[in-house]
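Observations on the model geometry
Below, each chain spelled out in residue letters.
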Amino acid sequence: MPLSMDQGASPSSFGVSPRSQRFRQSVYQIPTPGPTKRPPRYEPFIIKTWLVAVVAACMICFGIAIEVALHISSTQNGFHVREKNVFPFASTQFLTSFFPTLLVVPLAYFWSLADWMVRWYQPYISLAEGNVPASRSILLDYASIALNQIFVLLYSLKYKHYLVYISTLTAFTVILLQPLAGSLLQVRQVPYTSDSTAISTRIAALSPDVSQLNAFLAGAGYVDAAVYGDLGDPPYVHGVWTAAWFEAPPGLYLNGSLAVNTTGIRTEVNCVNPTSLNLSSSGGNYTAHATFSNACSASLAFATSNGNQQYSVLNASSCAPQGQDIEFQPVVFWYYFQDTSAGSGPNVAAVFCAPTINVFAMTTSMDLSNGALGNCTILDTSVGSNNVTGSPLNGQAFNGVVFNQSSNVFIAARAIAINSGVPGTVFRFASQQPGGVQSVFNNPHGWLNATSNIYTQHLAIATQAVYFGPNNETIPAILTTNAPRLFVEPFPAHFLSVLLITIGITGLSVHLLHARSRRKLWLTTPPGSIASIVSMTSRSGFGELLLPYDDERQMRANLTGLKFGLDPRTGAIVAEEEPGAGGEGVSLLTGEDKYRSTGFGDGSTPLSTSSFKEKNETP
């Protein structure tokens, strides 16, 4: 049977409060709940230990996953994304900022609620510990909307409520998750390399219609147009190299390139200047005689009546092996110029060229936007049996400018056009130089360089049709193209991962300790409703010291000298006076005295509700 206040209970325990001079309590009248009748302990779902552990583990895993994604992004040049946005109603920038933020919003919301629960529970935990003043218990409201988190940090540090302090600090830090997540991802157009395939449409093989001279005529026409229009090499030609044609996989590529292992032919014209060059004249006719370092010579006879600018190319039969066909013999380019306006003498130049070809297995790349061939690297000198390096050609190179006579008028006309077109292009190139043709004659290597460059391009272009035949083979390739790639930004990633892991570990630690501190607390209902507060204080008696219109300062003054705790038998909030307080400094105000002290009524009777409204006064 519970002891009553009149039976002189000991003041050392909050189980039964002692007699008080300032208020009367009746906690002893609350029936003791039986072991089977007492409702279970109320534990908010949001701060259950297993839930906090799961969320903390997710955050730690999330932080580790971000670091792994950053490593992959850095080493693999980002992540693949589709060329076209799958969400036409939203921009890529919006998507890359929205979805990462969407992932951290639940985490931020969870820790904000969990922090609110920690602050909400702190006064009750203090009461469960017992012997605490009103300022640290019933007047303490960390969860109040009016008491913002800045003041929570200050008061929790002042009252040494370290779990509240760390929890609130963690909730502050959670705010950074959203801006960091919003800047975590970025889509950029970057060169990206991937394995692909190509179709090889050419293979080393001698063209059956090479005698038609169409390929050489096309080469002569292109170099002439290139000099006029300042053009570079055509597709599949790069300097001395000509690659077998290959087709890129279908698709649109931005500044992409395709690298393949294919067959390539290197054409070298081997042009040199003469070791000696003599010019003799007889009756307006000239004869030029040139000797070269390979102990061969060549002569050219021309008449000045044909003009002061003349050019030609002839085979050098004396420099060719015995019995070699004229189409494969070395050639000599001749150039004549006389500036009659300046009264200068005739100028003659000769350039000896002995073209050769070599077939290799090589690796090269092609610019997919214009078909330009990139650098070529030899992989192997063996390309298998073919009729270019084998019979009937046996590796001989057509000189491409001197041909056998043909009875076909069309072929003969092509031969004349090629024979005059290529040296004519070289001469035209010389005339376009800043100092004109004379400046090229004045340069010891002027004609040699001009002839080598244009003659090489002419033969390299013709090579595509002369030494390659049709083929259809799938070959491996490496595709490099400007593609949209998803990148993880290093600074936000490092910061966000560290923050996630730190918040997860800190939050879990705080709530494990908080669960330990709640062991003495037995709440059966959420303590936020008015009914739950009344149920815990209606028998405590100290409510007689308070009026509904007391402000916080008045409440604090009225409760001075009291210590508060929870009755372990019933869970009610109880109070006892501090030793030596004796109620001094605070009088017990009841009835007319209290109304008089607060200035309401005339001192004889308390104000009724109606008279209070008539006076239109607010407490």
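Residues numbered from 1 in each chain as written. Predicted model: local features only at pLDDT ≥ 70, side-chain atom pairs only at ≥ 80, totals over all residues. Heavy atoms only, no water.

A separate point is the UniProt feature "transmembrane region" (unreviewed entry) in the protein chain. Within this structure's numbering, the places UniProt gives as "transmembrane region" (unreviewed entry) are residues 50-73, 94-114, 162-181 and 491-513. Across residues 50-73, the secondary structure splits into 100% helix and 0% strand, with the terminal C-alpha atoms separated by 34 Å. Counting secondary structure, residues 491-513 comes out at 100% helix and 0% strand; the distance between its end C-alpha atoms is 33 Å. (UniProt positions renumbered as here; feature names shortened; annotations may be inferred. Helix = DSSP H or I, 4+ residues; strand = E, 2+ residues; numbered from the N terminus.)

What follows covers helix α7 (residues 409-431). Between its first and last C-alpha atoms α7 spans 32 Å; for 23 residues at 1.5 Å apiece the expected length is 33 Å, and the two agree. Considered for burial, the residues of α7 that qualify are Ile411, Ala415, Ile418, Val422, Pro423, Gly424, Thr425, Val426, Phe427 and Ala430. Structurally, α7 contributes buried residues whose contacts are with α6 (214-229), β11 (309-315), β12 (331-337), α8 (436-442) and α9 (446-466). N-cap assignment for α7: the residue whose side-chain oxygen lies 2.9 Å from the backbone N of Phe410 is Asn408. (Expected span 1.5 Å × (residues − 1). Buried < 20%, exposed > 50% of the residue type's maximum accessible area, 1.4 Å probe, protein only. Contact = heavy atoms within 4.5 Å. Polar contact = N/O pair within 3.5 Å; in protein donor to acceptor, adjacent residues only side chain to side chain.)

Now for the sheet that holds β12. The three strands are arranged β11-β12-β13 in an open sheet whose pairing can be described as antiparallel. Single-partner strands in this sheet number two, and they are β11 and β13 (347-353). Strand-to-strand, the axes of this sheet are offset by a mean angle of 15 degrees, without reference to chain direction. Along the sheet face, α7 touches β11 and β12 and points at about 130 degrees away from the line of β11. Strands β12 and β13 of the sheet are contacted by α9, whose axis makes an angle of about 45 degrees with β13. (Pairing = 2+ DSSP bridges. Axes fitted to C-alpha atoms, helices over the stretch in contact; angles between N-to-C directions.)

Okay, the pattern of salt bridges next. Evaluated as defined, the whole model comprises six salt bridges. Across the pair Glu43 and Arg518 runs a salt bridge whose closest N-O atoms are separated by 2.9 Å. Placement of the pair is Glu43 in the segment before α1 (49-75) and Arg518 in the loop between α10 (490-517) and α11 (530-537), with a sequence separation of 475 residues. The class of Arg518 is buried, set by a relative accessible area of 4%. A salt bridge links Asp115 to Arg119; the nearest nitrogen and oxygen atoms lie 3.0 Å apart. Linking Asp115 with Arg119, this pair stays in helix α2 (residues 92-129), spanning four residues, or about one helical turn. On the accessibility criterion, Asp115 (1% relative accessible area) is buried. (Salt bridge = Lys/Arg side-chain N within 4 Å of Asp/Glu carboxyl O.)

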